[in-house]
Amino acid sequence: PEVGETTKLWVVWHIENTTNEVSAVRVEGLLPVGVLWTERMSLSRGGAVSYDPTTRRIVWSVDSVPPFPDEEDLVGASFEVSLTPTEAMLGTSPALVTDVRISGNDNLTGTALSEQLPNVTTDLSRDIFGRGKGVVQ
């Protein structure tokens, strides 16, 4: 990303489950001010990713996630956002989605599950082609 130039990036969410089947799964997060929702998305499963422009909240719901999914049954969603970095962002990897949370219910035990996840930033450390290219220039 470069100061003053709009960059579009895809955020990818994959749900991995290694215990019991989990139902009523919900993944949500907030778009920080300056990050825009482009309305482009792709899903492997579940309902559409929704965005509320008033609250800036993104929500993706999945009815159930089986344990140990195989490669043909991956549960994932991706969506595009855009960012036009400011001078204040120079040298940083700005947040694209904050306050990321996942919740659901363990079908075997009846336990409510919830976890806070790290912010999604322009740091592309998990992308072998983009590694090191997420810092604002």
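Everything below is about the structure shown above.
Nothing here was measured: the structure is a model prediction, and the numbers come from that model.

Draft legend 1. Structural detail: the packing of aromatic side chains. Here the structure, examined in full by the defined rule, presents 3 aromatic pairs. Note on Trp 13 and Phe 79: the rings are 5.1 Å apart at their centroids and 75 degrees apart in plane angle, and the pair reads as edge-to-face. Remark: Phe 79 occurs in strand β6 (residues 75–83) and Trp 13 occurs in strand β1 (residues 7–15); sequence separation between them is 66 residues. Each member of the pair, Trp 13 as well as Phe 79, is classed as buried. Arranged with centres 5.3 Å apart and planes meeting at 20 degrees, the rings of Trp 37 and Tyr 51 form a pair that is stacked. A residue pair is termed long-range when its members are at least 10 positions apart, and Trp 37 in strand β3 (residues 35–43) and Tyr 51 in strand β4 (residues 50–52) qualify at 14 residues. Of the two residues, Trp 37 and Tyr 51, neither departs from the other in class, the shared state being buried. Every member of this aromatic cluster is reached through a ring pair, and the members are Trp 13, Trp 37, Tyr 51 and Phe 79.

Draft legend 2. Representation of the nonpolar core in the model. Core analysis: the biggest nonpolar cluster contains 26 residues, and Trp 13, Ile 15, Leu 31, Ile 58, Trp 60, Phe 79 and Val 97 have the highest contact counts within it. Elements with a contribution of two residues or more to this core: β1, β2 (22–30), β3, β5 (57–65), β6 and β7 (95–106). If one sorts the elements of this core by residue count, β6 sits on top with 5 residues.

Draft legend 3. Looking closely at the layout of surface pockets. Here the largest pocket is characterised by a volume of approximately 910 Å³. For the largest pocket, the lining is made up of 22 residues, of which Val 11, Val 12, Trp 13, Val 120 and Arg 126 are closest to its centre. Sorting the residues of the lining of the largest pocket by element identifies β1, β7 and β9 (120–121) as the ones contributing at least two each. With 7 residues, β1 is the largest single contributor of residues to the lining of the largest pocket. Residue classes in the lining of the largest pocket are distributed as 14 nonpolar, 4 polar and 4 charged. Estimates place the volume of the second largest pocket at around 210 Å³.

Calculation notes
Residues take numbers from 1 onward in each chain, read along the sequence in its written order. Given that the model is predicted, a residue must reach a pLDDT of at least 70 before its local features are reported, and side-chain atom pairs must reach 80 or more before they are shown or counted; all residues, however, enter totals for whole chains, interfaces and linings. Excluding hydrogens and water, the side-chain values take into account all heavy atoms of the structure. Between 30 and 60 degrees the pair is tilted, below 30 it is stacked and above 60 it is edge-to-face, where a pair is any two Phe, Tyr or Trp rings, Trp via its six-membered ring, whose centres lie within 6.5 Å. A run of H or I in DSSP becomes a helix once it reaches four residues, and a run of E becomes a strand once it reaches two; helices and strands are each numbered from the N terminus. Each residue is assigned to one of three classes by its accessible area relative to the maximum for its type, calculated with a 1.4 Å probe on protein chains only: buried under 20%, partly exposed between the two thresholds, exposed over 50%. Throughout, nonpolar core names a set of buried Ala, Val, Leu, Ile, Met, Phe, Trp, Tyr and Cys residues whose side chains join them through atoms within 4.5 Å. A cavity, in this analysis, means grid points on a 1 Å lattice covering only the protein atoms where a 1.4 Å probe fits yet has no way out; a pocket is instead an open set bounded by protein on both sides within 12 Å along at least five of seven lines, and a residue lines either one if it has an atom within 4 Å of a point. Grid points are joined across faces, edges and corners, and a volume is the space filled by probe spheres set on the points. Residues are grouped as follows: Ala, Val, Leu, Ile, Met, Phe, Trp, Tyr, Cys and Pro are nonpolar; Asp, Glu, Lys and Arg are charged; every other residue, Gly included, is polar.

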